[in-house]
Each structure stands twice: as structure tokens, then as C-alpha cells.
Amino acid sequence: MAKGNLIPIGPFHPLLEEPEFFKFYVDGETIVDAEVRIGYNHRGVEKLSEIKTYDQATFLVERICGICSTSHPFAFTQAVEDISGIEVPDRAKYIRSIIGELERIHSHLLWVGLAGHFIGYNTVFMWAWKYREPVLDMFEAISGNRNHYSMFKIGGVRRDITDDKRAGLLKAIDEVEKFCSMLSKAVADDPVFQARTKNVGILKKQDAVDMCVVGPVARASGIEIDTRKDQPYAAYGMVDFDKIVLKDGDVYSKAVIRLKETMESVKIIRQCLKNMPEGAIDSDPRDIAAGEGIGLHEAPRGEVIHYILSNGSNNPQRHKIRAPSTMNVASFKKTVIGESIADAALITAANDPCYCCTERMVIIDAGTKDVLYTGEELVRLCQEKTEKLRK
Amino acid sequence: MKAMDALKEKFGGKIEWNIRSPRRVYATVAQQDLKEIVLYIFKILGARLSTLTSVDTRSGIELLYHMLTDKGAVCLTIRTMVKKPELIIESITNDIQGAEWLEREVHEMMGVNFTGHPNMRRLLLPDDWKEGDYPYRKKSFDSEKEGPQ
């Protein structure tokens, strides 16, 4: 084959929230071309939503993603509220922000753990997931569920954060903060970690603009976008936090951004718990007027956008959903070309949606169709490279 | 809103405005002006294309280009109607690479043909999906019956 050998990656893994199928063409150990195919988990949620009532659709969109399950209800409820200007009580706004930030913490820690695993730092993996656990416990304490919290409804939230939950929540985020500052010192400054991630899988600023990427991927390439700051919604306009932006666009920047954002989330939650006013948590709206609305939310992986066209009945006439990974995954072609196979697992992990497919990586010689490497071997390859650097 | 002022000055009567709120602005344009206006917003005004929505109606498919202008502070939606049954519109992918998947999705789900698109292959639907069956269309429009499907 003119393009060299083909490496198919994917498409399915039971852990993966968005199965994708990557085809990498390699020349020796260098990737020379890449193709992506998605749609293996396409469930037609947009169409399904058209036959659900607005209240049912809130639960439906929560099921789009298992890890950042609040992102879609967050954007969806705001889109519906945008149609007829439904007011949300202040207390509900603060609770929404707390849930959104708790989710960012657990999602980023999950990524940090997996990134550590891929480069052979299994201690990081164990640590990150250990500190992620109390966050999930807090979700259980607040909502009754460790995942799929069902906290959102149009016009407010479904459950209050009572005073007895507050102490536990503060303790959990204190531990997260301690861990993140420890990790920043222990790992981010580690020369081997830097050697494995710096200048690897670079997404240049101009490419990032052209590909319209969002979230930490865009911010790592120097694009200053963060929906929480650009269009303050929920309680984000009432709390103080920083937009983290770095310039280099490599795997290292993406890791640092996620660690720093976790610290910012801790800051936001503390302020929310302190400033949260007493009062109602739900404005209990009755009717959705005819019209259209757009809801935006900064999910852990970037901006989520929902568009709803209402004809005045109790279900949407058209419901468009765009998840951040749609934009971020497409930028792959820019980041992997020219890199080595050993780094492919890491680069595919750096955009966050794709870490799980790496366990399904198979390298096939295009001529003989023999399997050269399995997914496990690729992770091992990636880890061995770190070992060599250590020596 | 700087972007809106710049557009009013540059394109004048070609755009019909509907300002729902300071952060939600809708602008209706004719199909032949769409590409020029979207590229102007993207390249000159430095906006980001957030997504592309398609809405099925009896006479055509309405396309909505959601763009974040003024450093993300305003969600400006450029809308245009693509007429049935031809459903042909010029692609913007060669100028905005991020639109590649968005246009492929609309093509698969609604059957809009984007001329000049570099890679109009299946993205989401399985390879053996029936040609000409567009899952996000309202089937009731085809059979001229009222009510959602």
C-alpha cells in the first residue's frame, strides 16, 4: 500500500463512552496518515427526544454520556429556559454550578489516572482514582446516585444541598485540592514525565482555530474560550475563578490544564457553598412557549450546545445536540501525523474521549494482514518507552 | 455587539435580524449569500463555528450555523432555507475545516447535498444503511400528514 502499513484502532470497548475507529497508516514507526470513523454508538437521541416530553427529555439527554452525565441536562435545561425566558431561583443556580464542578473534578481525575497508566505511572493511576472516589460518594450523598445524578429539571434542580451535606463536601474537595497540588509537584515536574509528554502530539493554534476545537484541547493551544467566562450562566458570573490557558498545545499542556482546572473547580465549589442563598430550588414552570432556544455549557471536555425548536406542544419539534468530542476528535489528524506508534496511545488519550479505544488498538501489517501488535502490547510499548527514559 | 454592527455595515439589506436577547441573535440570509457571510464572520470577525443544525420543513431544510462572536459572548445564528427536492448548498469545509463532520452529519441525516465537500462519506450511519433514507426527516411531511412521527 502506498500509504504504508495500516493500524486499525477500535471500534468497541465496554468502558468507552464514545466508540471510534481509527485507522493509522504507518511508515516504520512513524504515523503518516490517519482516518477516523465514528457512529458505532449512535442512538438517534435527537430523533428520540422529539417524541419525549420536555421533562422526559431531561433524563434522556443525561444518558448520552456516562462520565459527564450532567453536561447535557445542563445545556438542555438552559436551552428550554431560553425559549420562554424561564427564571431559575438563585439557590438552584448555585447548586447547578456545584454539580457541574464536582463533575469536572471527577472527570479530570479519571483522565489524569488513565494518562498515568498509559505512560507506565501506575501509582498516579491508583492515586487519582483514590481521590476521585470521595467525589462520587458526595454525589451519592447529594443525589442518591454515584452517576446519572438526575439533579436537573427545567426551572431549577430536583434536590437541595442541605447543611449536613456541606461538611462532607468541603472535606472531599479539601482532599482533592491537596492531592492536585501534590501531583503537580510530584509528577508534572518529573523529568521523565516531561520527556514523554512535552512536544508530543502538538495541536498548533491555527489548526485549533480551523478545526473549531473546544474545551481544554482549545485552551491548551492558546485559544481563550471558556463558556463559563464568556457567557456567564448558573452561578459562574457570581464566583471568582481563572480561565486556564496555555500556549504549547502538547500532551503536557493538556495534562497541566486539567490539573489546574480541578483546583479552580475546588475554588468555585467553596465559594458556591459559602455564598449560596436560602430559598426555593425550583420555579416550577408550567408551559413551554413556541419558539427556539440555545443552551451552552462548559462540560469537562468543552462546550456542549443544545438547540431546541418548540412548537408550543409538550415535546420539542427539533432538538439538536452537539457534544464537545465531535469537534475535538476531528482534530486527531493534526496531532498524530509525524508521531511514533508508541506515542499514539498517549496522544489519543490526551483529547480525553478516546483513552479506552487504545486498549483495542491492533497493528496489522497491510501486506500479510498479520496482527503485529495488540492493544495491550501498545500500552506496554508506551510504558517501555518511559522505562527506557528512566534508565 | 461589534460583530452585528460590522455585518450591518458590510452586508446591509442582505441580512434580516431577529434579536431575541443580547446573547442570542438570529440572522436570516439568502442561500446564495450564506457562504460569503459565514466566512466573513469566521475569518474577519474571528468567530468560532459551534455547530450546524438542520430543521426539516415542508418546503425545504433550514440550516442554522451557530457561531460564537464577540469573543464567545454572543451566539449568532445564521439561518438559511435550502429548497426541496434538490437540497443543494455550497460546502464551507474547504475554508472551515471544523465543518467537515458537521456537514457530513447533515448530509446523512437530512439529505442535504453540500457541493465541493472534500470527503462526503458515511460518518455515523452504518455502511449498509439504505440510500436515500434520511432518519432525521419528518416522515409526516413526505406523506403530507399532520403530526410528529
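Just so you know, these numbers come straight off a predicted model, no measurement behind them.

## Focus: the overall build of chain A
Across its full length, chain A carries 15 helices and 10 strands. Residue pairs at least 24 apart in sequence account for 69% of intrachain contacts in chain A once pairs closer than 6 positions are excluded. Surface summary for chain A: the accessible area is close to 14,200 Å², and the carbon and sulfur share equals 51%.

## Overview of empty space enclosed by the protein
Residue and element names in this part refer to chain A. Summed over the entire model, instances satisfying the criterion amount to seven cavities of 30 Å³ or more. Along the walls of the second largest cavity sit 13 residues, with Val112, Val124, Val187, Phe193 and Ala255 positioned nearest its centre. Here the lining of the second largest cavity is composed, by residue class, of 12 nonpolar, one polar and no charged.

## With respect to the pairing of strand E3 (residues 48-56) of chain B
Walk down a regular strand and you will see the side chains alternate between the two sheet faces. All names here are of chain B. Burial analysis of E3 places nine of its nine residues in the buried class, the great majority of the element. In this sheet, strand E4 (residues 60-69) lies alongside E3 in antiparallel orientation, the contact comprising eight bridges. Within the sheet, the bridge partner assigned to Leu49 lies in E4 and is Met67. In textbook terms, the turn of a hairpin is the stretch between consecutive antiparallel strands, and for E3 and E4 this stretch comprises three residues.

## Observations regarding the packing of aromatic side chains
Any pair of aromatic rings gets described here by the distance separating the centres and the angle formed by the planes. The tally for this structure, following the rule as stated, stands at 10 aromatic pairs over all chains. Seen from their ring centres, Phe193 of chain A and Tyr252 of chain A are 6.1 Å apart, and the 55 degrees between their planes marks the pair as tilted. With Phe193 of chain A in helix H7 (residues 191-197) and Tyr252 of chain A in helix H11 (residues 251-275), this residue pair connects regions lying 59 residues apart in the sequence. Under the relative-accessibility criterion, Phe193 of chain A is labelled buried at 11%. Ring pairing ties together the aromatic residues Phe74, Phe152, Tyr233, Tyr236 and Phe241 of chain A, which thus form one cluster. Over the face of the ring belonging to Trp111 of chain A we find Arg258 of chain A, whose NZ or CZ atom lies 4.5 Å from the ring centre. Between Lys8 of chain B and the ring centre of Trp17 of chain B, over which it is positioned, the NZ or CZ distance is 5.8 Å.

## Considerations on the sheet that holds strand E7 (residues 302-311) of chain A
Residues and elements named next belong to chain A. Sheet architecture is open: three strands sit in the order E6-E7-E8, paired in antiparallel fashion. Only two strands of the sheet have a single partner each, and these edge strands are strand E6 (290-299) and strand E8 (318-322). Averaged over neighbouring strand pairs, the angle between their axes works out to 10 degrees when direction is ignored. Across the face of the sheet, helix H3 (residues 71-84) comes into contact with E6, E7 and E8 while running at roughly 150 degrees to E6.

## Re the nonpolar core
Of all hydrophobic cores here, the largest spans 135 residues; its most connected members are Ile98 and Leu102 of chain A together with Leu49, Leu63, Tyr65, Ile78 and Ile96 of chain B. Top element by residues in this core is helix H4 (residues 90-118) of chain A. It accounts for 14 residues. If near-sequence neighbours (up to four positions away) are discounted, Leu49 of chain B is found in contact with Cys212 and Met327 of chain A together with Phe42, Tyr65, His66, Met67, Ile92, Ile96, Ala99 and Leu102 of chain B. Counting residues in hydrophobic clusters, the runner-up holds 15 residues, among them Tyr54, Phe76, Ile83 and Ile308 of chain A.

## What to know about the pattern of salt bridges
If you walk through the whole model with that rule in mind, you get 37 salt bridges over all chains. Among the ionic pairs, Arg96 of chain A bridges to Glu81 of chain A, the shortest N-O distance being 2.9 Å. Of this pair, Arg96 of chain A sits in helix H4 while Glu81 of chain A sits in helix H3; the two residues are 15 residues apart in sequence, bridging distant segments of the chain. Note that Glu90 of chain B is salt-bridged to Lys35 of chain B, the shortest N-O span being 3.3 Å. Placement of Glu90 of chain B in strand E6 (residues 88-90) and of Lys35 of chain B in helix H2 (residues 31-44) is noted, with a sequence separation of 55 residues between them. Among the ionic contacts, a cluster of salt bridges with common partners joins Glu101, Arg104, Arg219, Asp226, Arg228, Glu261 and Glu298 of chain A.

## Digging into the environment of Arg43 of chain A
All names here are of chain A. Within the secondary structure, Arg43 is located in the loop between strand E3 (30-37) and helix H1 (45-49). Taking the C-alpha atoms as reference points, Arg43 and Ile64, 21 residues apart in sequence, are found 8.8 Å from one another. In contact with Arg43, other than residues within four places in its own chain, are Arg63 and Ile64. A polar side-chain atom of Arg43 sits 3.2 Å from the main-chain carbonyl oxygen of Arg63.

## Quick notes on the sheet that holds strand E5 (residues 74-83) of chain B
Residue and element names in this part refer to chain B. A sheet is described by the order of its strands in space; here five strands give the open sequence E1-E2-E5-E4-E3, paired in mixed fashion. At either end of the open sheet lies a strand with only one pairing partner, and these are strand E1 (15-21) and E3. This sheet shows a mean twist of 20 degrees between the axes of neighbouring strands, independent of strand direction. Of the pairings in the sheet, the one linking strand E2 (residues 24-29) to E5 comprises five bridges and is parallel in character. Bridged to Ala27 within E5 is Ile78. Sheet strands touched by H2: E1, E2, E3, E4 and E5. Its angle to E5, the strand with the most contacts, is close to 160 degrees. The strands touched by helix H3 (residues 99-110) are E3 and E4; relative to E3, the strand with the most contacts, the crossing angle is about 5 degrees.

Conventions adopted
- Residues numbered from 1 in each chain as written.
- Chains lettered and ligands numbered in written order.
- Predicted model: local features only at pLDDT ≥ 70, side-chain atom pairs only at ≥ 80, totals over all residues.
- Heavy atoms only, no water.
- Helix = DSSP H or I, 4+ residues; strand = E, 2+ residues; numbered from the N terminus.
- Contact = heavy atoms within 4.5 Å.
- Areas by Shrake-Rupley, 256 points an atom, 1.4 Å probe, with all protein chains shown as cover.
- 1 Å grid on protein atoms, 1.4 Å probe; cavity = no way out; pocket = protein on both sides within 12 Å on 5 of 7 lines; lining within 4 Å.
- Points joined across faces, edges and corners; volume = space filled by probe spheres on them.
- Nonpolar A, V, L, I, M, F, W, Y, C, P; charged D, E, K, R; others polar.
- Buried < 20%, exposed > 50% of the residue type's maximum accessible area, 1.4 Å probe, protein only.
- Pairing = 2+ DSSP bridges.
- Phe/Tyr/Trp six-rings, centres within 6.5 Å; stacked < 30°, edge-to-face > 60°.
- Lys NZ or Arg CZ within 6 Å of the ring centre and 35° of its normal.
- Axes fitted to C-alpha atoms, helices over the stretch in contact; angles between N-to-C directions.
- Core = buried A, V, L, I, M, F, W, Y, C linked by side-chain atoms within 4.5 Å.
- Salt bridge = Lys/Arg side-chain N within 4 Å of Asp/Glu carboxyl O.
- Polar contact = N/O pair within 3.5 Å; in protein donor to acceptor, adjacent residues only side chain to side chain.

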